[in-house]
Amino acid sequence: MFLSILKLFAGSHHRKFLRKCAPLVKRINVLETEYQKLSDDQLRAKTEEFKQRHAKGESLDALLPETFAVVKNAARRLCGTTSIVCEHELAWEMVHFDVQLVGGIALHQNKIAEMATGEGKTLVATLPLYLNALTGKNCQLVTVNDYLARRDSEWMGHLYRWLGLTVGCIQNQMPSEERKAAYGCDITYGTASEFGFDYLRDNGMALAPDEQVQRDHYFCIVDEIDSILIDEARTPLIISGPVAEEREPAFPRLRQPVAGLFELQIRLVTRLMNEAREELEKVGENKEPSEDALDKLWLAAHGMPRNRIFLRLMENGRWRKLLEKHEGVLASEIEKDRRFHLKERLYFSISERNHEADLSQLGRDTLRPGEPDAFVLPDLPSRYVELDNDESLTHERRAELRTEAEVAYAQASEDIHAIGQLLKAYALYEKDKQYVVHEGKVKIVDENTGRIMEGRRWSDGLHQAVEAKEGVALEKENKTYATVTIQNYFRMYQKLAGMTGTAETEASEFNDIYRLTVVAIPTHRPCIRIDDNDIVFKTRKEKYQFAIKEIAEAHKRGQPVLVGTASVEASETLGRMLAMAKVPHKILNAKHHEAEADIVSMAGQLGAVTIATNMAGRGTDIKLGEGVRELGGLYVVATERHEVRRVDRQLRGRCSRQGDPGRSRFLVSLEDDLMRLFANAGIVSSMLEKSFKEGEPLEHPFLNHSIGTAQKRVEGQNYSMRKRLLQYDDVLNQQRQIIYGLRNRALKAEDSRETIMNIVEEEIEARLDVVFPDPDGEAERRAADTFVHWYITTFHMRIDLEDILARTKAQVILLATDRVRALQASREEHESPEVLQYLERNVLLRAIDRNWQNQLTEMEDLRRGVSLRSYAQKDPLNEYKAEAFKAFERLMQQLRTDTGAGLFRTASSMEALESLMRRAQGQAKATGPAEAGATETTAATPTNAPKPEPFRRLTPKIGRNAVVRIRKGPETQDLKWKKAEALVRDEGWEVVETLSE
Ligand code: ADP
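Residues numbered from 1 in each chain as written. Predicted model: local features only at pLDDT ≥ 70, side-chain atom pairs only at ≥ 80, totals over all residues. Heavy atoms only, no water.

1. So, the overall build of the chain
Then, number 1: Within the chain, the secondary structure is distributed over 39 helices and 26 strands.
Then, number 2: Put simply, the chain has 997 residues, and 52% of those count as buried.
Then, number 3: The long-range fraction of contacts in the chain, counting pairs at least 24 apart against all pairs at least 6 apart in sequence, stands at 73%.
Then, number 4: Approximately 46,700 Å² of the chain is accessible, and the part contributed by carbon and sulfur atoms is 51%. (Helix = DSSP H or I, 4+ residues; strand = E, 2+ residues; numbered from the N terminus. Buried < 20%, exposed > 50% of the residue type's maximum accessible area, 1.4 Å probe, protein only. Contact = heavy atoms within 4.5 Å. Areas by Shrake-Rupley, 256 points an atom, 1.4 Å probe, with all protein chains shown as cover.)

In C-alpha cells:
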C-alpha cells in the first residue's frame, strides 16, 4: 500500500526521502505486530527500557523503529477508551497510518512535514515527541493558540500518560509555579509567544535560579510553522515598561504644519483630478488624451492614490491602461528628469506598496520656509574637527560649543524623524481601517483578523504620531526591558521541526533562515478536491452579489458552504447580505477560539453556511455530515485573494480532508487591495477592455496566473522585509546571547564574590592605565588624584595619593583590590552567608539589567539614526553593526563600573549598612595586620591620612528622593526615602538596597 502511494507522488527530493523511509516503515509495522502479543504492562515497561538504553549510549535514531512501534501499538490498545478533552468526553479511535509514520520520521530528522489538513498532524507529533523525550529533556510542541495547546495536550496526553510520560501545557496568565511544573514534564504544549516570553522572563528578569521556569531548548515541533515563523515573525516579542523621564515629544508641535501640508495636497490633487476628468470625458473613442492629462493621473497615483475621482477614473480600463503606459515611460532612465520635476509639483509622494511617504522640496519649503537646511542633519564630526582646530577658543568655550552642536544635532534629527512619522500617519494610516480611536486611545486593528490588538503599539514613535494626528493624549513611549524576535527564539533549539499544510511556497526561506528542509508527505487517501478558476469582477459589490447567489444556491441543494473573508468588516457585510437573502448562517472572527472550534467542526453538516476570517477556527477539523458526500462535499467560497498564496491554500485545504469530495473557488474584484496595488495590470486592463463592457465577470486560467504573480511579488517583498529585520536583530542577538550567558552564570553561581572581585580588579587596573602611562614607571600626580577621588566615592574607603606615588602599578592594583576584598570579607561577621550571597548576586544582576536595558534603548535609537544616514549613500546595516559594536564595548565598561559602585551600597539592614560604612572609614584597623603584611605599608595609612571624610548617620548615598527597597518579614516595598525613613526608624522595616539615587 505504501509503495503505491509512493508511485503516485512526484517531486524528486520528496521521493528520495520517501524511498529512504520505506524500509523503516516496514520495520515499524513488523515490530508493532509483534508487540500486539505483549501484555499492557510489558508494553509500558518499554518506556523505561528505552530510557536506559539511550542513557547507555544507544542513539535515538537506532531506537526509532521500536519506539514508533510502541507508540503505534499503544494507540491501538487505546481504541475504544475515552478521555476528557476540554471538558468533553472524547473516544480514542486512531492508530497511526503509514504516512503518519513517515511524517513522524521527518519531524525527528528536523524537517518540516507538509501534510494536508485533516491528515492528523496532532497524532503524528506523538511519535517524535515520545522518542525525543526519552532523553529526559523537555520536548515542546508549539500550537497557534492557547485553546489548541490545551486541547492537544489533553487529547494526546491520553496516549503519553498511558506510556508513562508526563505532559503539561502552558496557558496565558498562568502563574509561574504552574508554568514551571508544565516545563518540568517530559512534553510541554504551548504557543510561541508564551514560550518566548518565558524565555525573556527567565533570562532577563528572574532574580533567583528558582524563578526560572524553562528547562531546555532541546527539541521543538512547531505546528502551523508557516504562520508562526512567517506571519508572526514580523512583530518581535517585547517586554516593556514605562520610561521614567523623557523629553517633550516633538509631535504636538509639528502636527499642525504637517496636517496643513496634507490638506494642501488634497486640494491640489482634487483640482488636478477635476481638470483631468473634464478633459478625459471629452476625448473621443479614437483620440488620445493629452500628455498633460496623463501627467495629472500620474500625480494623483503618487500623491493621493485613494482620491475618489482618481479611483473612479481608474475603473475605466482604457484610462487605467494609458496610465500604466505613462508610468512605464516615466520610470525609464531617460525620463528621470521629467519624473523628478513632476514629483516636485507634489508636496510629498506616497507609495502604498512600499509603505512610504516622502517629502518633496516643495513640501520642505512649505513646512520650513526660508530654512533650506532644516532637513539636513548637521555634520557633527566636521564641526568637532573645526572646533578642535580653532586655536582662539578657550577650553571651556570649546566644550560649550561642542554641547551646542550636539543639541542642535539631536533637535534636528528628532524633528526630521517626527515629521516623517507624522506624514506617514496622515498619508498611510486611515482611521477605522488600520486603527480605531476608542475612549481617547488609538488602538491597532489586526489586518488579518480585523481584531483590535489591545495594548499593542506601533514602534518608533509612529503610534505617538497617530495620537497627535487624532488629537488624543500622547501615551508615554515604553522602555524595552527585554526583546527577542520569534525567529531568533526558535533558532536557539538544538532540534527544530515543523508541521503545516502549506510550506512549499516558503520553502527557500525556511531553508535559508532556519536550515529546515520541507518534505511533502503524501496524503493517506488521494485528494479529490476540485479547484475552480478564479472569477474576477469589476467592483466589490458585484462580487458580493455573486457570492450571495452562489451560497444561496448551494444552501438550497443542502451542500455546506464555508465562506472565507479577509477581514471582520467583510464577514459582517456578507452576513448582512445573507440575512437579507434569508440564508441562515454563522459568523466567526477569531475572537473566541474555543467556541469557534465547536462551530467550525459543524461546518460540514447538511446545509450549513459558515463565514470565517482566515484565522477563525484554525486547527479544527471539519467532518462531513451524512448525505453531504453525495452533494459534492464542503464548498469553500473565498471572497478575496489574500496577499500571500499560502493563506489561500490554507483556506482551500479546509475541504476535502482524508479523500473526501470538495470544491473551492476564489472571487476577486478589481477594487481589492491586492489587485489595485500589485496585479499585472497590463493584462488585467486589456481583459477589462474586451470583456467588461457587457458587465460580465471574467473567468480565465490566465487571470489565475496573473493574480498568482501579484501574490508572488508581495511574498518576495515581505520576505526581504523579514530578512532585513532579522539582519538587524542578528546583531542584537549576538549581544543578547553574551549578556544572557553572563546573567545566567551570575544567577546560578554559588559564589558571586570571586566574579565581582575579578571585575573590580579589572576596573581598577583599567583606571590605573591612565595613572601609569608607563606600567613600569611612576604615577602621574593629576591622574592619581582623580583615581583617589573615584576610589573613595566608589568604595567609601580612602586610598592615599602618597601611597600611589610611592608604588608601582602592580603594587597599587594589589593594594586597592585587597582593601575592597577585605572590606567585603569583613561583612561575613555582620550578615548571614545566605544574605551576603544574595546581595552579591544582586549587585551583578542589577548592573547587567540596567545596562542591558539601556543598551536596548540605545540600539533602537541607533537603528532609527542609521536609517536617516542612508541618505549619505552608506549601507545602513554596516553602519549599524559598527556602531552597535562600539555601544556594546561601552556597555561592558559601564557594567564593570556599576558592579564596583554597587558593591557597598546595599545591606540587609540599616545597621549592617552603617557598620559597613564605619568599617570602611577605619579600614586599616578593620582589615588588620594580615592585610598590612601583604601590602607592606597599609598600616601606616590612617596615621598620615588627611582628615576623614565627614560621614552622616545614614549613608550619604541615600538622598530624600532616592528610591529604596525596604523589607519587613516576607513583605517588601519600594519607596522614596523620605517616606521609607519613618518606617525604618519606627516600625522595624529594614533597607535592603538603594534602587535609585
Ligand atoms: P490536521 O491537524 O492535520 O489538520 P488533526 O490532527 O486535527 O489534523 O486530525 C484530523 C482528524 O483526523 C481528527 O478528527 C482525527 O481524529 C483524525 N485522525 C487522525 N489520524 C487518524 C488515524 N490514524 N486514524 C483515524 N483517524 C485519524
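Back to the write-up after that little detour.
2. Observations concerning empty space enclosed by the protein
Then, number 1: Throughout the structure, instances matching the rule amount to four cavities of 30 Å³ or more.
Then, number 2: Put simply, the largest cavity is a space of about 70 Å³.
Then, number 3: As for the largest cavity, its lining consists of Gly564, Thr565, Ala566, Asn614, Glu640, Arg641, His642, Val647, Asp648 and Leu651.
Then, number 4: Looking at the lining of the largest cavity, the elements with two or more residues in it are β19 (561–565) and α26 (645–652).
Then, number 5: A per-element tally of the lining of the largest cavity places α26 first, with three residues. (1 Å grid on protein atoms, 1.4 Å probe; cavity = no way out; pocket = protein on both sides within 12 Å on 5 of 7 lines; lining within 4 Å. Points joined across faces, edges and corners; volume = space filled by probe spheres on them.)

3. Concerning the site of the ligand
Then, number 1: Neighbouring the ligand are 17 residues; Val95, Gln100, Gly118, Lys121 and Thr122 lie closest to it.
Then, number 2: The contact in question runs from an oxygen atom of the ligand to an N or O atom on the backbone of Gly120, over 3.1 Å.
Then, number 3: A distance of 3.2 Å separates an oxygen atom of the ligand from a polar atom in the side chain of Lys623.
Then, number 4: Coverage of the ligand by the protein amounts to 85% of the 570 Å² it exposes when considered alone.
Then, number 5: In terms of residue count, helix α6 (residues 121–124) provides more of the shell around the ligand than any other element does, three residues in total. (Near = heavy atom within 4 Å. Polar contact = N/O pair within 3.5 Å; in protein donor to acceptor, adjacent residues only side chain to side chain.)

4. Here's the deal with α26
Then, number 1: For α26, the buried fraction is high: six of the eight residues fall into the buried class.
Then, number 2: Every buried residue of α26 is listed here: Arg646, Val647, Asp648, Gln650, Leu651 and Arg652.
Then, number 3: Buried residues along α26 sit in contact with α11 (225–231), β17 (530–531), β19, β22 (634–638), β23 (662–669) and α29 (701–748).

5. Some thoughts on the sheet that holds strand β12 (residues 441–445)
Then, number 1: One open sheet holds the three strands; their spatial order is β11-β12-β13, and the pairing between them is antiparallel. What marks the edges here is a single partner per strand, and that holds for β11 (435–438) and β13 (452–453).
Then, number 2: Across the face of the sheet, helix α20 (residues 462–470) comes into contact with β11 and β12 while running at roughly 125 degrees to β12. (Pairing = 2+ DSSP bridges. Axes fitted to C-alpha atoms, helices over the stretch in contact; angles between N-to-C directions.)

6. Quick look at the side chain of Thr565
Then, number 1: Its location among the elements puts Thr565 in strand β19.
Then, number 2: Polar side-chain contacts of Thr565 include one of 3.1 Å to the side chain of Ser571.
Then, number 3: Setting aside residues up to four positions removed in sequence, Thr565 forms contacts with Ala570, Ser571, Leu574, Ile611, Ala612, Thr613, Asn614 and Thr639.

7. Digging into the sheet that holds strand β16 (residues 518–520)
Then, number 1: Pairing in this open sheet of seven strands is parallel, and the strands run β5-β6-β4-β7-β15-β3-β16 from one edge to the other. The outermost strands of the open sheet, each flanked by one partner alone, are β5 (167–169) and β16. Taken over all neighbouring pairs, the strand axes of this sheet differ in orientation by 20 degrees on average, direction set aside.

8. Thoughts on the nonpolar core
Then, number 1: Counting 63 residues, the largest nonpolar core has Phe17, Leu129, Tyr189, Ile221 and Ile521 as the members making the most contacts within it.
Then, number 2: Broken down by element, this core gets its largest block of residues, 10 residues, from helix α4 (residues 60–78).
Then, number 3: Listed in part, the 58 residues of the second largest apolar core include Leu254, Leu268, Phe310 and Leu462. (Core = buried A, V, L, I, M, F, W, Y, C linked by side-chain atoms within 4.5 Å.)

9. Points about the pattern of salt bridges
Then, number 1: All told, the structure shown has 58 salt bridges when counted by the stated rule.
Then, number 2: Close ionic contact of Arg271 with Glu275 constitutes a salt bridge, the shortest N to O distance being 3.4 Å. Of this pair, Arg271 and Glu275 both sit in helix α12 (residues 251–282), four residues apart, which is roughly one turn of the helix.
Then, number 3: Arg271 gets classed as partly exposed once you look at its relative accessible area, which sits at 46%.
Then, number 4: The class for Glu275 is partly exposed, based on a relative accessible area of 31%.
Then, number 5: Here Arg368 makes a salt bridge to Asp415, at a shortest N to O gap of 3.1 Å. (Salt bridge = Lys/Arg side-chain N within 4 Å of Asp/Glu carboxyl O.)

10. As for the environment of Leu148
Then, number 1: Tracing the backbone through its elements, the reader meets Leu148 in helix α8 (residues 146–162).
Then, number 2: For Leu148, a relative accessible area of 5% gives the class buried.
Then, number 3: Taking the C-alpha atoms as reference, Leu148 lies 8.4 Å from Glu594; in sequence the two are 446 residues apart.
Then, number 4: Beyond its immediate chain neighbours, meaning those up to four positions away, Leu148 contacts Thr143, Ser153, Arg618 and Gly619.

11. Topic: the packing of helix α23 (residues 540–557) against helix α24 (residues 568–580)
Then, number 1: Direction vectors running N to C along α23 and α24 enclose 55 degrees, while the axes themselves pass 10 Å from each other. Classified by the angle their axes make, α23 and α24 are oblique. Judged by the twist between their axes, the crossing of α23 over α24 is right-handed. Between α23, through Tyr544, Gln545, Ala547, Ile548 and Ile551, and α24, the contact on the second element is made entirely by Ala570, Thr573, Leu574, Met577 and Leu578. (Parallel < 35°, antiparallel > 145°, perpendicular 65-115°, else oblique. Left-handed = near helix turned anticlockwise from the far one by under 90°.)

12. Quick word on the pairing of strand β9 (residues 348–351)
Then, number 1: Examined bridge by bridge, β9 and strand β10 (residues 356–359) share four bridges and lie antiparallel to one another. Its bridge partner being in β10, Ser349 is matched across the sheet by Asp358.
Then, number 2: What sits between β9 and β10 in their antiparallel hairpin is a turn of four residues, with His355 showing a positive phi close to 60 degrees.

13. Here's the deal with the packing of aromatic side chains
In this description, a pair of aromatic rings is defined by centroid distance and the angle of the planes.
Then, number 1: Summed over the entire model, instances satisfying the criterion amount to 19 aromatic pairs.
Then, number 2: Arranged with centres 5.6 Å apart and planes meeting at 55 degrees, the rings of Tyr199 and Tyr489 form a pair that is tilted. Taken as a pair, Tyr199 in helix α10 (residues 192–204) and Tyr489 in helix α21 (residues 486–490) lie far apart in primary sequence, 290 residues in all. Tyr489 carries the same exposure label as Tyr199, and that label is buried.
Then, number 3: Plain terms: the ring middles of Tyr740 and Trp852 are 6.5 Å apart, the flat faces sit at 65 degrees to each other, and that makes the pair edge-to-face. Taken together, the residues Tyr740 in helix α29 and Trp852 in helix α34 (residues 833–869) connect sequence positions 112 residues apart. (Phe/Tyr/Trp six-rings, centres within 6.5 Å; stacked < 30°, edge-to-face > 60°.)

14. As for unusual backbone geometry
Then, number 1: Phi angles above zero are rare outside glycine, and Cys86 is one such case at about 50 degrees.
Then, number 2: Assignment of secondary structure puts Cys86 in the loop between β1 (82–85) and β2 (88–91).

15. A look at the environment of Pro775
Then, number 1: Structurally, Pro775 can be placed in the loop between α30 (753–771) and α31 (781–795).
Then, number 2: For Pro775, a relative accessible area of 46% puts it in the partly exposed group.
Then, number 3: Separated by 33 residues in sequence, Pro775 and Thr808 place their C-alpha atoms 7.6 Å apart.

16. A short note on the confidence of the model for the chain
Then, number 1: Taken as a whole, the chain shows an average pLDDT of 84; of its residues, 89% reach a score of 70 or greater.
Then, number 2: With pLDDT under 50 throughout, residues 924–957 is counted as low confidence; its partners more than four residues away or in other chains account for 45 contacts. (pLDDT = per-residue confidence, 0-100.)

17. Things to note about α8
Then, number 1: Here α8 is 17 residues long and its end C-alpha atoms lie 24 Å apart, about the 24 Å a rise of 1.5 Å per residue gives.
Then, number 2: The principal kink in α8, of about 40 degrees, is found at Met156.
Then, number 3: The buried count for α8 comes to 14 of 17 residues, which makes it a mostly enclosed element.
Then, number 4: Between a side-chain oxygen at the N-terminus of α8 and the backbone nitrogen of Tyr147 the separation is 3.2 Å; the capping residue is Asn145. (Expected span 1.5 Å × (residues − 1). Bend = angle between axes of the 7 residues up to and from the residue.)

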